[in-house]
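# Per-entry structural report
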Protein chains: 2
Amino acid sequence: MENVPYKIYLTEEEMPKYWYNIKARMKTQHPPFINPATQKPCSKEDLQAVFCNDCIEQELNETDEWIEIPEEIRAFYKMFRPSPLVRAYFLERTLDTPAEIYYKFEGNNTSGSHKLNSAAAQAYYAKKQGLKSITTETGAGQWGTALAMASAFYGLELDVYMVKVSAEQKPHRKEVIRTYGANVIPSPSETTEAGRKILKEYPGTGGSLGCAISEAVEKACTTQSCRYVLGSVLDHVLLHQTVIGLESKTALDKFGVTPDLVIGCVGGGSNYGGLIAPFLGDRLQGKSETEFLGVEPASCPSLTRGKFVYDFCDSAKTTPLAKMYTLGCGFMPSASHAGGLRYHGMSPIVSQLYHDGYMNAVAVTQNKVFEAAVKFAKCEGILPAPESSHAIAAAIDAALECKRTGRKKRILFGLTGTGYFDLSAYKQFNDGTMQDYVPTEADLQKGFDTVPRCRVNEDLL
Amino acid sequence: MENVPYKIYLTEEEMPKYWYNIKARMKTQHPPFINPATQKPCSKEDLQAVFCNDCIEQELNETDEWIEIPEEIRAFYKMFRPSPLVRAYFLERTLDTPAEIYYKFEGNNTSGSHKLNSAAAQAYYAKKQGLKSITTETGAGQWGTALAMASAFYGLELDVYMVKVSAEQKPHRKEVIRTYGANVIPSPSETTEAGRKILKEYPGTGGSLGCAISEAVEKACTTQSCRYVLGSVLDHVLLHQTVIGLESKTALDKFGVTPDLVIGCVGGGSNYGGLIAPFLGDRLQGKSETEFLGVEPASCPSLTRGKFVYDFCDSAKTTPLAKMYTLGCGFMPSASHAGGLRYHGMSPIVSQLYHDGYMNAVAVTQNKVFEAAVKFAKCEGILPAPESSHAIAAAIDAALECKRTGRKKRILFGLTGTGYFDLSAYKQFNDGTMQDYVPTEADLQKGFDTVPRCRVNEDLL
């Protein structure tokens, strides 16, 4: 085989010392958050009541291309990074493609995904600010696990509002979070006003991410020395995830490889944004012609079938409004197995990039995703997360296209995590009982009807 | 902190090209397998009916110190190796010890453990021999998963006889095995004579490892172009696992570190034997004074409370007799959570080394093991397997002893795998309902009564 090793691990000296702020290179900035009460841009003070100060600074920073990673966070990163950049020789052989396929694997840590990259940073900033505790919500559980790990490391208390039906269906995820010393509160709960209200209106409900967010925010805002922490969507989360792209780029640069195509799965958009950012920075400076592809589930197609408007970030309509591709904050995706991609909206940065034509997007159905996952597992060894397998499916398609055209493209994709807690989904696929779900136009319209009709959206809706 | 990085990854060129055969350096060889029918040493032909030819060559090789790893296996190893050698800076800080602690982490692959090191080799040799299929048994499921991964890679059919109660309690493990294309047969089953006999005698039984072994061996011996494959205990399995020790030694050598103490958990003994082999080789040549410690569960204390006699390798008494430390092939360990360490016997190599005074052993109770596991998880990030956590517990004890004495020992331990499929055990610990079980002298006597009273044991029992 060729000169590139199967896996490229950077040395610790080669690991990034700065995050990459793609906004400093973007020709058009995404519009600011809007306070739904005043319909005016959110002030720093609005945000400080909820989020940690340093995270807000990063959120609003549009000018500094490089933002230093504090020494303490870099030490924590060394616990689970660098992650390997893998040359998928075995997948190439299986597909019999002339394409070169590379993937960056973020699953080799106990959270099982890339989520720890931002959890490590956000928990550190909370500790630095002198806070005693933080709150968050979790659905599938990767984010809750990652934040529990980071909170244990820094000695912070953590309340995780876990969607009740997830806490019941994924007792093992819940147990990992508990093992790291965090409190898991099935949501809706009696511990908040928002929770009690929902429980009264819908007794016996299994909860929702929207409701869990409302509870976590309320708990943070009503607790002394406490803030709320979010695992995707926001600019500072995407910033922390640029370690994925930066490590990938350094590793590929060592072998003189510039990717022709970079592929990632998109839910909230932070892993994808973090993966593509440094490569996109090069393209925006005319240094490369790399193309970018976001892959979303056909069941929740915010980029390919959504609208680019202002919408709430949660379904309970308690957050600021963000300008993004959205299916409507009230859109109810089907119970697909890619829990991490079941979000109605999309990172404002990724949305702006898509709107401005810097990337493409494609939606894939569930059975096709699992076909790709099993093919990949059998030749590359790793059992991938359903979310990550969206990127695998698109990478396989691109490699097979190369086989047809004879073009030797260099394809890089992000393998965000492992599927060890998704085996009931694999069972459905193995049993041949997995359903594909694609929303009808009527389903979408129901979602769009929940987009707020307000001044900032007047020209858009 | 110091000059040694947090994690040392070898380059692919630095990975071992040879396994290390410690028997070539041992002053006393362990006695041969005995055919229980003839009471004479097993011939190569006896073994060839059951095992692959190349594995038998390795099993019987007492002279070659280095045995080449075929190119194809080295390519497969690159899929999931090198594994990191980690300097446990965060654990050292937590313990406030002057000791240096290092661990070799084998859990970063989908089997979740070191088992893939031997599965990769054994499946390759089966394929090379032109076989169509192989069989095995699995209890906790790591071995079954590893062999399913290797069989998928080489295109071999695989039947995994999985202890019925495990298949029911660990449906997710079973599903991983299925995803890699292997057949999972809950044992006892109707597919073999042995299974049917047990089912008739004990209708509704949950099965046992002994019974699953009998079924897998019978299936292999009665199927065209098929052999049986075992995941521990035997010399060739230990040989394959020396990649653990070899990589560790190369990594430490780079920084001029010679360990004072090497610690591993012991069940069948293969991971431990593979970890210590190259370090022990140095000591046997007078190049070092490294000490060795095997850690076993107090519930199944074959080294610390067993007898060094000839015994069956399975509880159904169908295998050859091996001279080893054993609790008796009929010993029934309690339902502890370290499923991988619930074996009545011990690798003949490890047994001989222990008998000859080259290593120490200690037994640890379950709650102490999980205390160590949680402490480790919180500061080092990785959620360890219950089996591996036996080594952690002993390493922490050794580091705290250094704190008392002020001695700066260099401690290396083997972290064999992750605990992602052991969360019900963690739940028990977190809930404070975990029981410690230590067999009484009467319990042990019941086990010893099942050791065969035969000529080879006459002087020993």
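Use the structure listed above.
Quick caveat, the model's predicted, so the values are computed rather than measured.

Calculation criteria
- Residues numbered from 1 in each chain as written.
- Chains lettered and ligands numbered in written order.
- Predicted model: local features only at pLDDT ≥ 70, side-chain atom pairs only at ≥ 80, totals over all residues.
- Heavy atoms only, no water.
- Salt bridge = Lys/Arg side-chain N within 4 Å of Asp/Glu carboxyl O.
- Helix = DSSP H or I, 4+ residues; strand = E, 2+ residues; numbered from the N terminus.
- Buried < 20%, exposed > 50% of the residue type's maximum accessible area, 1.4 Å probe, protein only.
- Expected span 1.5 Å × (residues − 1).
- Pairing = 2+ DSSP bridges.
- Axes fitted to C-alpha atoms, helices over the stretch in contact; angles between N-to-C directions.
- Contact = heavy atoms within 4.5 Å.
- Parallel < 35°, antiparallel > 145°, perpendicular 65-115°, else oblique.
- Nonpolar A, V, L, I, M, F, W, Y, C, P; charged D, E, K, R; others polar.
- Least-squares fit on C-alpha atoms with pLDDT ≥ 70 in both.
- Buried area = accessible area lost by both parts, 1.4 Å probe.
- Polar contact = N/O pair within 3.5 Å; in protein donor to acceptor, adjacent residues only side chain to side chain.
- 1 Å grid on protein atoms, 1.4 Å probe; cavity = no way out; pocket = protein on both sides within 12 Å on 5 of 7 lines; lining within 4 Å.
- Points joined across faces, edges and corners; volume = space filled by probe spheres on them.

In a structure, side chains of opposite charge can pair up when their charged atoms sit close to one another. Across all of its chains, the model carries 50 salt bridges over all chains by this definition. A salt bridge links A:Arg81 to A:Glu247; its shortest N-O distance comes to 3.0 Å. Here A:Arg81 is found in the loop between α3 (71-80) and β6 (85-87), whereas its partner A:Glu247 is found in helix α12 (residues 242-254), with 166 residues between them in sequence. Taken individually, A:Arg81 and A:Glu247 each receive the classification buried, so the pair is uniform in this respect. The salt bridge involving B:Glu14 is made with B:Lys254; its shortest N-O contact spans 3.1 Å. One end of the pair, B:Glu14, is in the loop between β1 (7-8) and β2 (18-20); the other, B:Lys254, is in helix α12 (residues 242-254), and 240 residues separate them in sequence. Classification of B:Glu14 as partly exposed rests on a relative accessible area of 27%. Salt bridges sharing partners connect three or more residues here, namely A:Arg81, A:Lys104, A:Glu106 and A:Glu247.

Quick look at helix α16 (residues 366-380) of chain A now. Residues and elements named next belong to chain A. The first and last C-alpha atoms of α16 sit 21 Å apart over 15 residues, in line with the 21 Å expected at 1.5 Å per residue. Counting buried positions over the 15 residues of α16 gives eleven, a clear majority of the element. Backbone geometry just after α16 places Gly381 at a positive phi near 90°.

On to the sheet that holds strand β10 (residues 183-187) of chain A, then. Residue and element names in this part refer to chain A. With parallel pairing, four strands are arranged side by side in an open sheet as β10-β9-β8-β11. Two strands in the sheet have a free side with no partner beyond their single neighbour: β10 and β11 (226-228). Adjacent strand axes in the sheet meet at a mean angle of 25°, parallel and antiparallel pairs treated alike. Two strands pair when backbone bridges link them, and strand β8 (residues 133-138) and strand β9 (residues 157-163) are joined in this way by six bridges, in the parallel orientation. Bridged to Ile134 within β9 is Leu158. In this fold helix α10 (residues 209-221) packs onto β8, β9, β10 and β11, with an angle of close to 175° to the strand it touches most, β8.

Residues and elements named next belong to chain B. In contact at an axis separation of 8 Å, helix α16 (residues 366-380) and helix α17 (residues 386-405) are set at 85° when each is read in the N-to-C sense. Taken together, α16 and α17 sit at an angle that is classed as roughly perpendicular. Across the interface between the two elements, Lys368, Val369, Phe370, Ala372, Ala373, Lys375 and Phe376 from α16 touch Pro386, Ser389, His390, Ile392, Ala393, Ile396 and Asp397 from α17. Looking at the contact of α16 with α17 residue by residue, the classes come out as nine nonpolar, two polar and three charged.

With an axial shift of 0.0 Å and an RMSD of 0.0 Å, the rotation relating chain B to chain A amounts to 180°. In the structure described here, the two chain copies are related by an operation that fits a two-fold rotation axis. The rotation axis passes nearest to the C-alpha of B:Asn108 in chain B, at a distance of 3.0 Å. Comparing contact sets, 100% of the residues at the interface of chain B also lie at the interface in chain A, consistent with an isologous, same-surface contact.

Counting residues at the interface gives 43 residues for chain B and 43 residues for chain A. Carbon and sulfur atoms supply 59% of the area that chain B and chain A bury against each other, a total of about 3800 Å² over both sides. The largest contributions to the chain B side of the interface with chain A come from B:Thr179, B:Lys378 and B:Tyr420, which together make up 16% of the buried area. Taken together, the links from chain B to chain A amount to two salt bridges. For the salt bridge of B:Arg178 with A:Asp431, the shortest nitrogen-to-oxygen distance reads 2.9 Å. On the surface where chain B and chain A come into contact, there are 20 residue pairs in polar contact (both at pLDDT 80 or more). Listed by contribution, the elements that provide at least two residues to the side of chain B that touches chain A are α3 (71-80), α4 (89-95), α6 (142-154), α8 (171-179), α16 and α18 (423-431) of chain B.

Below, the discussion takes up empty space enclosed by the protein. In this approach, a probe sized like a water molecule rolls over the atoms, and the result shows the empty space that is left. What the rule picks out here adds up to eleven cavities of 30 Å³ or more. Approximately 270 Å³ is the volume found for the largest cavity. Lining the largest cavity are 28 residues, and of these A:Phe105, A:Asn108, B:Phe80, B:Asn108 and B:Asn109 lie nearest its centre. Counting residues per element, the ones that place at least two in the lining of the largest cavity are β7 (100-105) of chain A together with α3 of chain B. Of the pockets and cavities examined, the second largest cavity occupies roughly 170 Å³. Considering the residues around the second largest cavity, the lining is formed by 20 residues, among which A:Met79, A:Phe80, A:Asn108, B:Lys7 and B:Ile382 are closest to the centre. Secondary-structure elements contributing two or more residues to the lining of the second largest cavity are α3 of chain A together with β7 (100-105) of chain B.

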